[in-house]
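Breakdown of the fold
Spelled out, the chains give:
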Amino acid sequence: MAINSNLIETTETTQNSQSSFIVAHKNQPLHDSVRQALESYFAQLKGQAPTNLYEMVLAEVEVPLLEAVMEYTKGNQSRAAILLGLSRGTLRKKLKIYGMLE
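Attention here is on the structure that accompanies the text.

Thresholds applied
Residues numbered from 1 in each chain as written. Predicted model: local features only at pLDDT ≥ 70, side-chain atom pairs only at ≥ 80, totals over all residues. Heavy atoms only, no water. Helix = DSSP H or I, 4+ residues; strand = E, 2+ residues; numbered from the N terminus. Expected span 1.5 Å × (residues − 1). Buried < 20%, exposed > 50% of the residue type's maximum accessible area, 1.4 Å probe, protein only. Arc of directions from axis to C-beta. Phe/Tyr/Trp six-rings, centres within 6.5 Å; stacked < 30°, edge-to-face > 60°. Core = buried A, V, L, I, M, F, W, Y, C linked by side-chain atoms within 4.5 Å. Contact = heavy atoms within 4.5 Å. Axes fitted to C-alpha atoms, helices over the stretch in contact; angles between N-to-C directions. Left-handed = near helix turned anticlockwise from the far one by under 90°. Nonpolar A, V, L, I, M, F, W, Y, C, P; charged D, E, K, R; others polar.

This paragraph deals with helix H1 (residues 30-45). Helix length check: H1 (16 residues) gives 23 Å between terminal C-alpha atoms against 22 Å at 1.5 Å per residue, within 8%. Every buried residue of H1 is listed here: Ser-33, Val-34, Ala-37, Leu-38, Tyr-41 and Leu-45. One side of H1 holds all its buried residues, which, seen down the axis, span an arc of 135°. Opposite the buried face of H1, by more than 90 degrees, sit the exposed residues Arg-35 and Ala-43.

As structure tokens, then:
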């Protein structure tokens, strides 16, 4: 499954002191974009059952999230872990899984 790359560009907005990510191109919440991408994916399957859907979706979202945060923190893993709400060890494990360690 490929989530439309132009939908990945997001801006963070604050509403009622809660963060939500809004898709820049359509002013659409990220969760709506993910739902649309999944509906499109299911339609393309034409009745076939997907396998490992949970892992596939997490990888599709997690990789660009990690890339963006690592770029934002200029590679500072400690700062990135804090921003993500992860331990530094968990962040390093995820970076290793996705081949993102330097």
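Past the structure itself, the notes keep going.
Below, the discussion takes up unusual backbone geometry. The phi dihedral of Lys-46 falls on the positive side, at around 50°, and the residue is not glycine. The residue Lys-46 is located in the loop between H1 and helix H2 (53-72) in this model. Taking relative accessible area as the criterion, Lys-46 reaches 73% and is therefore assigned exposed. Here the phi dihedral of Asn-52 falls at roughly 50°; this positive angle occurs in a residue that is not glycine. Checked against the element boundaries, Asn-52 lands in the loop between H1 and H2. In this structure Asn-52 comes out as exposed when scored by relative accessible area, which is 56%.

Across all of its chains, the model carries one aromatic pair by this definition. The interplanar angle of 55° and the centroid separation of 6.0 Å between the aromatic rings of Tyr-41 and Phe-42 together place this pair among those described as tilted. On the basis of relative accessibility, which here comes to 16%, the residue Tyr-41 falls in the buried class.

Moving on, we get to the nonpolar core. Counting seven residues, the largest nonpolar core consists of Leu-66, Val-69, Met-70, Ala-80, Ala-81, Leu-91 and Leu-95. Residue assignment for this core shows that the elements contributing at least two residues are H2, helix H3 (77-84) and helix H4 (88-97). Considering each element in turn, this core owes the most residues, three residues, to H2. When near neighbours in sequence (up to four residues on either side) are disregarded, Ala-81 contacts Leu-86, Ser-87, Arg-88 and Leu-91.

Two numbers describe how H2 lies on H4: the axes approach to 11 Å, and their chain directions differ by 115°. For the pair H2 and H4, the sense of crossing is left-handed. Seen from H2, the contacting residues are Glu-62, Leu-66 and Met-70; seen from H4, they are Leu-91, Lys-94 and Leu-95. Here the contact of H2 with H4 is built from residues that sort into four nonpolar, no polar and two charged.

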